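Report on the structure
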Amino acid sequence: MFILVNLKAYPCDPIEVASAARDVADDSGVRIAVSPQAADLARVAETGVETWAQHVDPNSHGSHTGSTLAEAVADAGAQGTLINHSEKRLRLADIDGAIQAAERAGLKTCVCANNPAQIGAAAALGPDSVAVEPPALIGGDVSVATADPGIVEDAVEAAAAVDDDVAVYCGAGISSGEDVATAGDLGASGILLASGVAKADDPRAALESLVDPL
Ligand SMILES: O=C(CO)COP(=O)(O)O
């Protein structure tokens, strides 16, 4: 399983989480990445943890004030990027453009989606991975794998029907190793989570409990 920790705009210490994620990944052998604010990418990447951007824009170099350039996040040390997160929705053409921009910059891509139908559409655009995250469960206490196991299974099926090579992750409300294991049993090959680590009093302990059953 791949564990991608999205720090969103939470008031956590990105270096503390990144260092803990690096150490827990090293100790457990589980792949863990951290996705901080764009301004923190370089500092987070310097810890040695696998680092992802939270978003890239569809444009390349040029007159695009305020854009998050895929080449710039790659230069800062990012190895991948989320695209179309539930809290950063894009139009279809811009999702397609952002995937192409990320690929030009050598970034791995994960396109987020609300439901299995959107997962199928996202998979058709050829990202490396897709992630199903029901908005109603994001930030809550109940894991998507428990509250709505069918949505994970249907997302896996929807992606496979379009392109077998696209990995499927799930997220929302995941906070325990049991949640991660259940997501794996449903066919997901990774999880996205945020509050379970970013808002934890002890992010390292939270990460250790996530990888415990793996
Ligand atoms: O949006 C998410 C990850 O990208 C999920 O957030 P929570 O883990 O806080 O539910």
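Source: prediction; values computed, not measured. (Residues numbered from 1 in each chain as written. Predicted model: local features only at pLDDT ≥ 70, side-chain atom pairs only at ≥ 80, totals over all residues. Heavy atoms only, no water.)

1. Here we look at the pairing of strand S5 (residues 108–113)
Which entries qualify depends on this criterion: Buried means the residue's accessible area, taken with a 1.4 Å probe over protein chains only, is under 20% of the maximum for its type, while exposed means over 50%, and partly exposed covers the values in between. The secondary structure listing takes helices from DSSP runs of H or I that are at least 4 residues long and strands from runs of E that are at least 2 residues long, numbered from the N terminus. Strand pairing follows a simple DSSP-based rule, namely that at least 2 bridges must link the two strands. Call a crossover right-handed when, viewed with both strands pointing away from you, the route from the first strand across the helix to the second goes clockwise.
Here S5 lies mainly inside the structure; 5 of its 6 residues are buried. In terms of strand pairing, strand S4 (residues 80–83) meets S5 through 4 bridges, oriented parallel. If you follow Leu82 over to S5, its bridge partner there is Cys110. The β-α-β motif built from S4, the intervening helix H4 (residues 92–104) and the parallel element S5 has right-handed crossover chirality. Sheet topology note: the S5/strand S6 (residues 129–132) ladder contains 4 bridges and is parallel. Bridge pairing links Ala113 to Val132 in S6. The handedness of the S5 to S6 crossover, carried by helix H5 (residues 116–123), is right-handed.

2. Focus: the UniProt feature "binding site: substrate" (unreviewed entry) in the protein chain
Put simply, the rule reads: UniProt positions are given in the numbering used here, feature names are shortened, and annotations may be inferred rather than shown by experiment. Contacts are assigned to residue pairs with any non-hydrogen atoms lying within 4.5 Å of each other.
UniProt tags Asn6, Leu7, Lys8, Ile138, Gly173, Ala194 and Ser195 as "binding site: substrate" (unreviewed entry). In terms of the greatest pairwise C-alpha distance, the residues named above, spread along 190 residues, form a tight cluster of at most 14.3 Å across. Positionally, Ala194 belongs in the loop between strand S8 (190–193) and helix H9 (195–198). Locating Ser195 in the fold gives a position in helix H9. Apart from residues no more than four positions distant in its own chain, Ser195 is found in contact with Tyr10, Gly139 and Ala200.

3. So, the side chain of Glu50
Definition in use: As used in this structure description, the phrase polar contact means that two N or O atoms lie within 3.5 Å; if the pair is within protein, one of them must be able to donate a hydrogen and the other to accept it, and residues adjacent in sequence are counted only when both atoms belong to side chains.
Assignment of secondary structure puts Glu50 in strand S3 (residues 50–53). What makes Glu50 buried here is its relative accessible area of 13%. A polar atom in the side chain of Glu50 sits 2.8 Å from the side chain of Arg31. Side-chain polar atoms of Glu50 contact the side chain of Trp52, separated by 2.9 Å.

4. Here we look at helix H1 (residues 14–28)
An α-helix turns once per 3.6 residues; consequently, residues spaced three or four apart project the same way. The line we're drawing: By definition here, a helix of n residues has an expected span of 1.5 Å times n minus one.
Its 15 residues give H1 an end-to-end C-alpha distance of 21 Å, which sits within 8% of 21 Å, the value for a rise of 1.5 Å per residue. For H1, every residue scored as buried is listed here: Pro14, Val17, Ala18, Ser19, Ala20, Ala21, Val24 and Ala25. Contacts from the buried residues of H1 go to strand S1 (2–6), strand S2 (31–35), helix H2 (41–46), H9 and helix H10 (203–211). Here H1 starts with a cap whose side-chain oxygen sits 2.9 Å from the backbone nitrogen of Ile15, and that cap is Asp13. Positioned one or two residues after H1, Gly29 has a phi angle of 80°, which is positive.

5. Some points on the site of the ligand
Put simply, the rule is: When we say a residue is near a molecule or strand, we mean one of its heavy atoms is within 4 Å of it. Per-residue accessibility takes into account occlusion by the displayed protein chains alone, with areas from the Shrake-Rupley method and a 1.4 Å probe. Residues are grouped as follows: nonpolar covers Ala, Val, Leu, Ile, Met, Phe, Trp, Tyr, Cys and Pro; charged covers Asp, Glu, Lys and Arg; every other residue, Gly included, is treated as polar.
Asn6, Lys8, His85, Glu133, Ile138, Gly139, Ala172, Gly173, Leu192, Leu193, Ala194 and Ser195 make up every residue found near the ligand. His85 is positioned with one of its side-chain polar atoms (N or O) 2.8 Å from an oxygen atom of the ligand. In this structure, an oxygen atom belonging to the ligand sits 2.8 Å away from a main-chain N or O atom of Ala194. Protein coverage of the free-state accessible area of the ligand, which is 300 Å², stands at 100%. Counted by class, the shell around the ligand contains 5 nonpolar, 5 polar and 2 charged residues.

6. Notes on the pairing of S1
Burial runs high along S1: 5 of the 5 residues are buried. Judged by which residues are buried, S1 turns out to be covered on both faces: Phe2, Leu4 and Asn6 on one side and Ile3 and Val5 on the other are all buried. Pairing geometry for S1 and S2, over 5 bridges, is parallel. Residue pairing across strands places Val5 opposite Val34, the latter belonging to S2. For the crossover from S1 across H1 to S2, the handedness is right-handed.

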